[in-house]
Amino acid sequence: MTKSETLFTAAQQVLPGGVNSPVRACRAVGTYPRFLQAGKGSRVTDVDGHDYIDLICSWGPLILGHAHPAVEEAVVEAAKNGLSFGAPTEIEVEMAQLVCRMSGMEMVRMVNSGTEAVMSALRLARGATGRSKIIKFAGCYHGHSDSMLVKAGSGALTGGAPDSAGVPQEMAADTLTATYNDAASVRTLLEANHGQVAAVIVEPVAANMGVVPPQPGFLEALRGLCDAFGALLIFDEVITGFRLAAGGAQSYYGVRADLVTYGKIIGGGMPVGAYAGSRKLMEQVAPLGPVYQAGTLSGNPVAMAAGLTQLRILDQNPDVYTKLERLGQRLQTGLEDAFLSARIPARVNRVGSVLTVFFTGKPVTGYDQARSCDLQRFARWYRGLLDHGIYAAPSQFEAMFLSAAHTAEEIDQIIAAAREIAKTL
Ligand SMILES: *Cc1c(COP(=O)(O)O)cnc(C)c1O
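Everything numeric here is computed off the predicted structure, so don't read it as measured data. (Residues numbered from 1 in each chain as written. Predicted model: local features only at pLDDT ≥ 70, side-chain atom pairs only at ≥ 80, totals over all residues. Heavy atoms only, no water.)

**Things to note about the pairing of strand β7 (residues 197-202)**
Phase 1: The buried fraction of β7 is high, at six of six residues.
Phase 2: Of the pairings in the sheet, the one linking strand β5 (residues 133-137) to β7 comprises three bridges and is parallel in character. Along β7, the bridge assignment pairs Lys-133 with Val-197.
Phase 3: Running through helix α7 (residues 218-229), the crossover from β7 to the neighbouring parallel element strand β8 (residues 232-236) is right-handed. (Buried < 20%, exposed > 50% of the residue type's maximum accessible area, 1.4 Å probe, protein only. Helix = DSSP H or I, 4+ residues; strand = E, 2+ residues; numbered from the N terminus. Pairing = 2+ DSSP bridges. Right-handed = clockwise from strand over helix to strand, strands pointing away.)

**With respect to the site of the ligand**
Phase 1: As a structural note, the neighbourhood of the ligand is formed by Ser-113, Gly-114, Thr-115, Tyr-141, His-142, Gly-143, Glu-203, Asn-208, Asp-236, Val-238, Ile-239 and Lys-264.
Phase 2: Interatomic distance of 2.7 Å between a side-chain N/O atom of Asp-236 and a nitrogen atom of the ligand.
Phase 3: One of the side-chain nitrogen or oxygen atoms of Lys-264 is found 2.6 Å away from an oxygen atom of the ligand.
Phase 4: The fraction of the free accessible surface of the ligand (380 Å²) that becomes covered by protein chains is 83%.
Phase 5: Taken together, the residues that form the shell around the ligand break down as three nonpolar, six polar and three charged. (Near = heavy atom within 4 Å. Polar contact = N/O pair within 3.5 Å; in protein donor to acceptor, adjacent residues only side chain to side chain. Areas by Shrake-Rupley, 256 points an atom, 1.4 Å probe, with all protein chains shown as cover. Nonpolar A, V, L, I, M, F, W, Y, C, P; charged D, E, K, R; others polar.)

**Here we look at the packing of aromatic side chains**
Phase 1: Using the criterion set out here, one finds 10 aromatic pairs in the structure.
Phase 2: An angle of 90° between the planes, with centres 6.0 Å apart, marks the rings of Phe-137 and Tyr-180 as edge-to-face. Here Phe-137 is found in strand β5, whereas its partner Tyr-180 is found in the loop between β6 (175-178) and α6 (183-192), with 43 residues between them in sequence.
Phase 3: Phe-137 sits in the buried class, given a relative accessible area of 0%.
Phase 4: The ring of Tyr-32 carries Arg-34 above its face, with NZ or CZ at 4.0 Å from the centroid. (Phe/Tyr/Trp six-rings, centres within 6.5 Å; stacked < 30°, edge-to-face > 60°. Lys NZ or Arg CZ within 6 Å of the ring centre and 35° of its normal.)

**A word on helix α3 (residues 90-103)**
Phase 1: Over its 14 residues, α3 extends 20 Å from the first C-alpha to the last, a length consistent with the 20 Å expected when each residue adds 1.5 Å.
Phase 2: Taken residue by residue, α3 has Ile-91, Met-95, Leu-98, Val-99, Cys-100, Met-102 and Ser-103 as its buried positions.
Phase 3: After α3 finishes, the residue Gly-104 shows a positive phi value of roughly 75°. (Expected span 1.5 Å × (residues − 1).)

**A look at the confidence of the model for the protein chain**
If pLDDT is low for a region, its predicted coordinates should not be looked at in detail.
Phase 1: Put simply, the protein chain has an average pLDDT of 95, and 98% of its residues get 70 or more.
Phase 2: Segment residues 152-158: pLDDT under 50, and eight contacts once partners within four positions in sequence are set aside and those in other chains are kept. (pLDDT = per-residue confidence, 0-100. Contact = heavy atoms within 4.5 Å.)

**A look at the sheet that holds β5**
Hydrogen bonds along the backbone pair up the strands of a sheet, which may run parallel or antiparallel.
Phase 1: Strand order across the open sheet formed by seven strands is β4-β10-β9-β8-β7-β5-β6, with mixed pairing between neighbours. Looking along the sheet, the strands with just one partner apiece sit at the ends: β4 (107-111) and β6. In this sheet, adjacent strand axes meet at a mean angle of 20° when their direction is disregarded.
Phase 2: Sheet analysis places strand β9 (residues 259-262) next to strand β10 (residues 273-277), joined by four bridges and oriented antiparallel. Bridged to Thr-261 within β10 is Tyr-275.
Phase 3: Each of β4, β5, β7, β8, β9 and β10 is contacted by helix α4 (residues 114-129), which is oriented at about 165° to β9, the strand it contacts most.
Phase 4: α7 contacts β5, β7 and β8 of the sheet and is inclined by roughly 145° relative to β8. (Axes fitted to C-alpha atoms, helices over the stretch in contact; angles between N-to-C directions.)

**Brief notes about the UniProt feature "modified residue: N6-(pyridoxal phosphate)lysine" (unreviewed entry) in the protein chain**
Phase 1: Under the present numbering, the feature "modified residue: N6-(pyridoxal phosphate)lysine" (unreviewed entry) in UniProt falls on Lys-264.
Phase 2: Within the fold, Lys-264 resides in the loop between β9 and β10.
Phase 3: When near neighbours in sequence (up to four residues on either side) are disregarded, Lys-264 contacts Trp-59, Pro-61, Val-238, Ile-239 and Val-272. (UniProt positions renumbered as here; feature names shortened; annotations may be inferred.)

**Here we look at the sheet that holds strand β3 (residues 51-54)**
Phase 1: Spatial ordering of the open sheet is given by β1-β2-β3-β13, a layout of four strands whose pairing is mixed. What marks the edges here is a single partner per strand, and that holds for β1 (36-40) and β13 (390-391).
Phase 2: Summarising the sheet, strand β2 (residues 43-46) and β3 pair through three bridges and their orientation is antiparallel. Of the residues in β3, the one forming a bridge with Val-44 is Tyr-52.
Phase 3: Each of β2, β3 and β13 touches helix α14 (residues 408-422); the most contacted strand, β3, lies at about 105° to it.

**Some points on the side chain of Gln-332**
Phase 1: In this structure, Gln-332 sits in helix α11 (residues 319-341).
Phase 2: By relative accessible area, which is 15% here, Gln-332 ends up buried.
Phase 3: A polar side-chain atom of Gln-332 sits 3.2 Å from the main-chain carbonyl oxygen of Val-348.
Phase 4: The contact partners of Gln-332, leaving out residues within four places of it in the chain, are Val-348, Arg-350 and Leu-355.

This is how it looks when you write it as structure tokens:
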């Protein structure tokens, strides 16, 4: 038994499934989770001493790689002054100023996770519009708050059915589900629920059904529909924020949202989320307005130190995004080539530094196509990567994340491994 297996056995006695977040249990890919103990740059080491090229990067936050020296130093320095006050601190102001400038928004509120950011943004949208319904897209993930744990119901005009036990049907009924990359499905819902839809929430690049880019005109169409029907457009930029560009998907695609949610990168590896919008909207939030939202640890100085340091580096080094695009393209082309040579039907979807391999011969433009891929083959692919020292997401419905710490040589190692693995798929 490896030390990871021993730990996993012990973990299962005291943690549901042995984990604190379900995908980590690796159940979809038929293996046990590797317990990690250290990370530096683009690499992680597990408790058995195996070294991996890390393509998860903590599910996105570590866009500069593990233990970046500047981030590490900022955290250590901040910690020396105390871990938490629950009172205003200078660094929160600097953080808010930078986030507003990078996002093009006027005001922001810090929270502790992406889930919390989305939950709060939805409450604000409902409070500001006086409407209660929300439109989301099947296969888009927005954290685990009750109203977001809803996927497509069979009838496009009826309320959704909850995806999880414990979510009351009445709660899910106000969540309407549309089809990603299909603006007409949104129009249908807006017309059938005229004057009742508070917001349309979307991952501008869907990355939780595997990576599915928005088709040209899709985000623009959402903007137009929201304006026409008086609904707010919420971009859930928990993954895309500060990753596709310094200004996130809003600047990458040139489409403005009314509210934006952040998580992952914004905390530099610490638990941080945020939601941002116009002054007019954000002034609806307590203590200025009637929409209540609070947090004991929100704006925590150590978390702010990590996030602010990482954001400053991104803000001041646009070449990071050039490098990420170059690495992403190299990996995509190399993988496509490897599967083609081995005659394995596969699609590699990518936007910038996030990508997913789908084992299918058809284009993956939405949730239905993503669900129809060969998941058994994906599991073999995943285990092959592990054997070759590559640590990737243990589910096809996730993304691979590149960081600025990855090198072209490492990308080539991954491609060489893919050529070997492809022969066994
Ligand atoms: C990860 C994620 C969330 C949830 O963030 P947590 O910090 O895990 O609560 C929300 N939306 C999107 C798009 C995400 O990828």
